[in-house]
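Geometric and topological summary
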Amino acid sequence: MSDKARTKAVEERRLVKQCMNLFGFLPRPALLCLALACLSASVQPLHAVPSSSATNAFIPQPLSLADAVNLALRQNPNILRAQKDLEVAQGVVIQTRAIAIPKLGAAGNYSAAQPNDVDTFTAPGITFGTDQNWASQVKLVQSLYEGGRIVSALRVARLTKERSMLDYQTAVANTVVDVQVAYFDVLLAVQQITVQEASVELLTRERADTTRRYDAGTVPRFNVLRAEVELANARPKLIRARNSYRIAKNNLVNLLGISVPKETFEDIPLTLAGKLEAEPYKIELPRAIALALERRTELGALRKTQALRNEDIVNAKSTHKPSFQAYGGYDVHNSLLSQDLTVERHGWIAGVQMSWSLFDGWRTEGKVKEATALYEKAGVELDDTGRRIELEVRTAHSNFIEADEVLKSQEKVVEEAEEAVRLARSRSEAGTGTQLDVLSAQTALTEARTTQVQALRDYSVARARLERAIGMNTPAP
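Described in the following lines is the structure provided in the data block. (Residues numbered from 1 in each chain as written. Predicted model: local features only at pLDDT ≥ 70, side-chain atom pairs only at ≥ 80, totals over all residues. Heavy atoms only, no water.)

Turning next to the sheet that holds strand β6 (residues 344-355). Taken together, the four strands give an open sheet; going across it, the order is β1-β4-β5-β6, and neighbouring strands pair in antiparallel fashion. Of all the strands in the sheet, just β1 (103-112) and β6 have a single pairing partner and so form its edges. Strand after strand, the sheet turns through a mean of 20 degrees between neighbouring axes, direction not considered. Where strand β5 (residues 323-334) and β6 come together, 12 bridges link them in antiparallel fashion. Counted as the bridge partner of N334 is E344 from β6. (Pairing = 2+ DSSP bridges. Helix = DSSP H or I, 4+ residues; strand = E, 2+ residues; numbered from the N terminus. Axes fitted to C-alpha atoms, helices over the stretch in contact; angles between N-to-C directions.)

In structure tokens form, the structure reads like this:
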């Protein structure tokens with residue numbers, strides 16, 4: 001091997017290794033494809049434009065439902081906002097706990113006045129009173145009793161943290177069901193395209209067969225025109241199905257938090273690995289309602305909110321009670337018995353202080369009344385949310401039963417419709433049937449296929465929404 005060939009081989013291996021390091025989180029098949037893409041890009045001219053399929057290389061291809069959910073949990077804007085809300089809550093927790101933690105502070109001052117504005121006392125060897133003064137102090141203050149606010153602050157910090165986690169889980173559950181529905185919509189659009197393409201293909205063959213018969217003089221011109229009209233009526237449905245597919249993919253990509261590359265104009269290069277299936281699923285309504293009332297994070301968050309409103313009452317009433325603090329520190333100041341500012345006095349200080357507001361113009365009574373009303377309002381909202389969740393479960397359960405029954409009713413329809421088309425064609429070829437019978441059978445077959453794929457999608461969506469209503473799709477903290 002020549003030096004030039006050896007150098008080229010080393011360079012190619014280096015590029016492959018770089019690509020593998022860069023995209024190391026991808027599955028091995030996708031990793032190999034990306035490495036080869038990087039290698040081929042290295043030998044392309046500098047002005048080469050990347051293909052549109054390369055713009056979507058960061059998405060696992062084909063994309064499974066689990067991959068879609070995992071991508072959404074990392075990149076969905078609602079999830080990212082919920083994560084920031086968690087950080088905000090953590091900041092609130094730190095602020096709330098501050099009342100129970102000692103405070104360390106430092107203070108200093110300097111003042112000067114005209115000598116004739118200062119009372120001085122002079123005795124042999126002693127001068128009391130100076131026109132300039134300075135002092136500095138470091139003090140550590142610890143609250144001993146704040147009318148119940150210290151213990152309440154610790155409870156508030158715990159409740160705030162727990163509520164923020166429940167709110168985050170709610171956002172996650174909502175995002176998961178949205179991604180599931182969007183994923184099923186894409187699968188439905190794919191199946192609808194297949195159904196409409198099959199319909200157009202059938203009608204195209206029917207038109208060709210009718211045209212041959214017309215040329216042979218066995219059927220009138222009317223049959224040809226009718227076949228062409230049926231074919232023309234089927235084509236817009238195929239066009240709409242393809243448009244629904246493009247829109248469904250855009251919706252799914254948006255939920256995944258992925259920005260569509262600028263060079264992608266219409267169809268996003270995205271393929272899915274899943275398919276519409278109807279896995280058996282049974283749950284009784286009483287059990288579903290009981291699980292929802294136990295597991296729904298919205299109810300848990302409202303219970304924490306009600307407990308927080310109760311702590312607001314404790315804090316409002318604490319103003320009626322005295323507060324005690326202990327302090328200790330070190331104090332340094334200039335001597336009052338000398339005009340020399342460099343003469344100082346210093347030493348340790350310690351003590352206990354108390355404050356008590358005896359009357360504040362009924363401000364405390366107003367705060368207690370406000371906090372009590374908010375606590376009662378939280379109870380009303382908790383009860384109302386419980387009823388709405390029960391209604392949501394009943395509705396989702398009823399929709400699931402409907403979807404299951406519709407799906408079961410379509411089990412044999414497609415097979416029967418295909419057999420009907422075959423019989424209609426046979427009768428038409430034998431001269432005992434009419435073109436209307438063939439076209440009607442083909443229309444019925446297309447409708448049966450459409451109804452079946454729609455029923456599969458509705459079943460999958462109804463199950464996902466039922467699991468969401470029960471609270472079974474909420475990930476663990």
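This paragraph deals with the nonpolar core. Residues V179, L252, L256 and L272 are the most contacted members of the largest nonpolar core, which totals 66 residues. At 18 residues, the largest contribution of residues to this core is made by helix α5 (residues 149-216). Not counting residues up to four positions away in its chain, the partners in contact with V179 are A68, V69, A72, L252, L255 and L256. (Core = buried A, V, L, I, M, F, W, Y, C linked by side-chain atoms within 4.5 Å. Buried < 20%, exposed > 50% of the residue type's maximum accessible area, 1.4 Å probe, protein only. Contact = heavy atoms within 4.5 Å.)

A few words on the side chain of T210. Within the secondary structure layout, T210 lies in helix α5. Residue classification places T210 among the buried residues on the basis of a relative accessible area of 4%.

Look at W362: it is not a glycine, yet its phi comes out positive at around 65 degrees. Mapped onto the fold, W362 is located in the loop between β6 and α9 (363-409).

Within the structure shown, the criterion is met by four aromatic pairs. Judged by centre distance (5.1 Å) and plane angle (85 degrees), the rings of F359 and W362 are edge-to-face. With a relative accessible area of 58%, F359 lands in the exposed category. Between the aromatic rings of F400 and Y459, the centroid separation amounts to 5.1 Å while the plane-to-plane angle is 40 degrees, which identifies the pairing as tilted. One end of the pair, F400, is in helix α9; the other, Y459, is in helix α11 (residues 435-470), and 59 residues separate them in sequence. By way of ring pairs, the aromatic residues Y281, F400 and Y459 are connected into one cluster. Its guanidinium or amino end placed over the ring of Y327, K139 lies 4.6 Å from that ring's centre, counting from NZ or CZ. Taking the ring centre of Y214 as reference, the NZ or CZ of R221 above it sits at 5.9 Å. (Phe/Tyr/Trp six-rings, centres within 6.5 Å; stacked < 30°, edge-to-face > 60°. Lys NZ or Arg CZ within 6 Å of the ring centre and 35° of its normal.)

Relative to strand β4 (residues 132-145), β1 runs antiparallel, the two sharing 10 bridges. Across the sheet, the residue bridging to G105 is K139, located in β4. In terms of strand pairing, β4 meets β5 through 10 bridges, oriented antiparallel. Among the inter-strand pairings, S143 is bridged to a residue of β5, identified as Q325.

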